[in-house]
Amino acid sequence: LFASFATVLAKSSDVDIDIKDHSRGPGPLDGWINGLKIKVPAMDMDTAVGVMNIHSGECWNATLDKLFSNDVSDGLVLGYEVGIAGMGVECNLTASKDGEDFFFYLRINDSSLNTTVEITPTYSQEQPDLPLPLGTFIVPTCNSSIKIENIIVTGNATKGSFVELVTVIVPMKDVISGFGNHMNELFCETFKDLVEVNG
């Protein structure tokens, strides 16, 4: 969801939207975002404790405070700074690790994304000296700050199991810190793929 918003902003120029500014009345966009139910596809997630297999899930209660996009084009290269602030969401996931099934609740709050997107010109074989607009999309920089407020893992906490590891052995603050670091990388990788492959 948030990567899609950033992709739209990357194709816009000089946008600055304060979604939480209700000085002119209730804002429809934040209510729409908050009411979304987002299906989580199956994926493998690299974490601090190894690869976790996400089988399915749903996210809700999404929040988004501010969007902005600034034109930083240079010559024939179109460029945009893109930012999203105040991202939040809650997710329930069905997952497994090394064949062990468990349920995973995740709450993210007050997170942000700052990135740049460039669109380089393309050249045709017929007229190699004439640059054409809207060539290749690239993401030269991406920085995300994903702040995980809470993680709850439920399952069979048998001795030596993953559930025991993250609920009994390792302090929850360390689990949250480890997942947060990997989420930052995952978020930027997802955004980069979305823009450069589907841009």
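Up top you'll find the structure we're talking about.
Note on numbering: residues in each chain are counted from 1, in written sequence order. Residues qualify for local features only when their pLDDT is at least 70, as the model is predicted, and side-chain atom pairs are given and counted only at 80 or more; totals for whole chains, interfaces and linings, by contrast, use all residues. Note that water and hydrogens are dropped before the side-chain values are worked out from all heavy atoms of the structure.

Novice: Please provide a residue-by-residue account of the pattern of salt bridges, values included.
Specialist: One speaks of a salt bridge when a side-chain nitrogen belonging to Lys or Arg is within 4 Å of a carboxyl oxygen belonging to Asp or Glu. Following the criterion strictly, the structure yields four salt bridges and no others. When the shortest N-O distance is used, the salt bridge between Asp98 and Lys97 registers 3.0 Å. The closest approach of N and O atoms between Arg107 and Glu149, which form a salt bridge, is 2.8 Å. Of this pair, Arg107 sits in strand S7 (residues 100-123) while Glu149 sits in strand S9 (residues 148-155), placing them 42 residues apart in sequence. Elements are defined by DSSP. Helices are runs of H or I of four residues or more, strands are runs of E of two residues or more, and each kind is numbered from the N terminus.

Novice: Can you break down the packing of aromatic side chains residue by residue, with the values?
Specialist: Side-chain rings of Phe, Tyr and Trp (the six-membered ring for Trp) are treated as a pair once their centres are within 6.5 Å; stacked means planes under 30 degrees apart, edge-to-face means over 60, and tilted covers the remaining angles. Scanning the entire structure with this criterion turns up two aromatic pairs. Taken together, a centroid distance of 6.4 Å and an interplanar angle of 45° make the contact between Trp60 and Tyr105 tilted. Of this pair, Trp60 sits in strand S4 (residues 50-63) while Tyr105 is found in strand S7, placing the two residues 45 residues apart along the sequence. Accessible area is worked out with a 1.4 Å probe on protein chains only. A residue is then buried under 20% of its type maximum, exposed over 50%, and partly exposed in between. In this structure Trp60 comes out as partly exposed when scored by relative accessible area, which is 23%. Judged by relative accessible area, Tyr105 falls into the buried class, the value being 14%.

Novice: Please provide a residue-by-residue account of the nonpolar core, values included.
Specialist: Here, nonpolar core means buried Ala, Val, Leu, Ile, Met, Phe, Trp, Tyr and Cys residues that are tied together by side-chain atoms lying within 4.5 Å of each other. Ranked by internal contacts, the top residues of the largest apolar core, which has 41 residues, are Met52, Phe102, Phe104, Ile148 and Ile151. Listed by contribution, the elements that provide at least two residues to this core are S4, strand S6 (78-97), S7, strand S8 (131-145), S9, helix H3 (162-169) and helix H4 (172-198). Not counting residues within four places of it along the chain, the set of residues in contact with Met52 comprises Met43, Asp44, Met45, Thr47, Ala95, Ser96, Phe102, Phe104, Phe162 and Phe179. Note on definitions: a residue-residue contact is assigned when non-hydrogen atoms from the two residues lie within 4.5 Å.

Novice: Let's hear about the pairing of S7: which residues, and what values?
Specialist: Pairing between two strands requires that DSSP report at least two bridges joining them. Bridging between S6 and S7 involves 17 bridges; their strand directions are antiparallel. Note that in S7 the partner of Tyr80 across the bridge is Val117. Hairpin remark: S6 followed by S7, antiparallel, with two residues in the connecting loop; positive phi at Asp98, about 55°. Relative to S9, S7 runs antiparallel, the two being bridged by seven bridges. Each bridged residue has a counterpart across the sheet, and for Ile108 the counterpart in S9 is Ile148.

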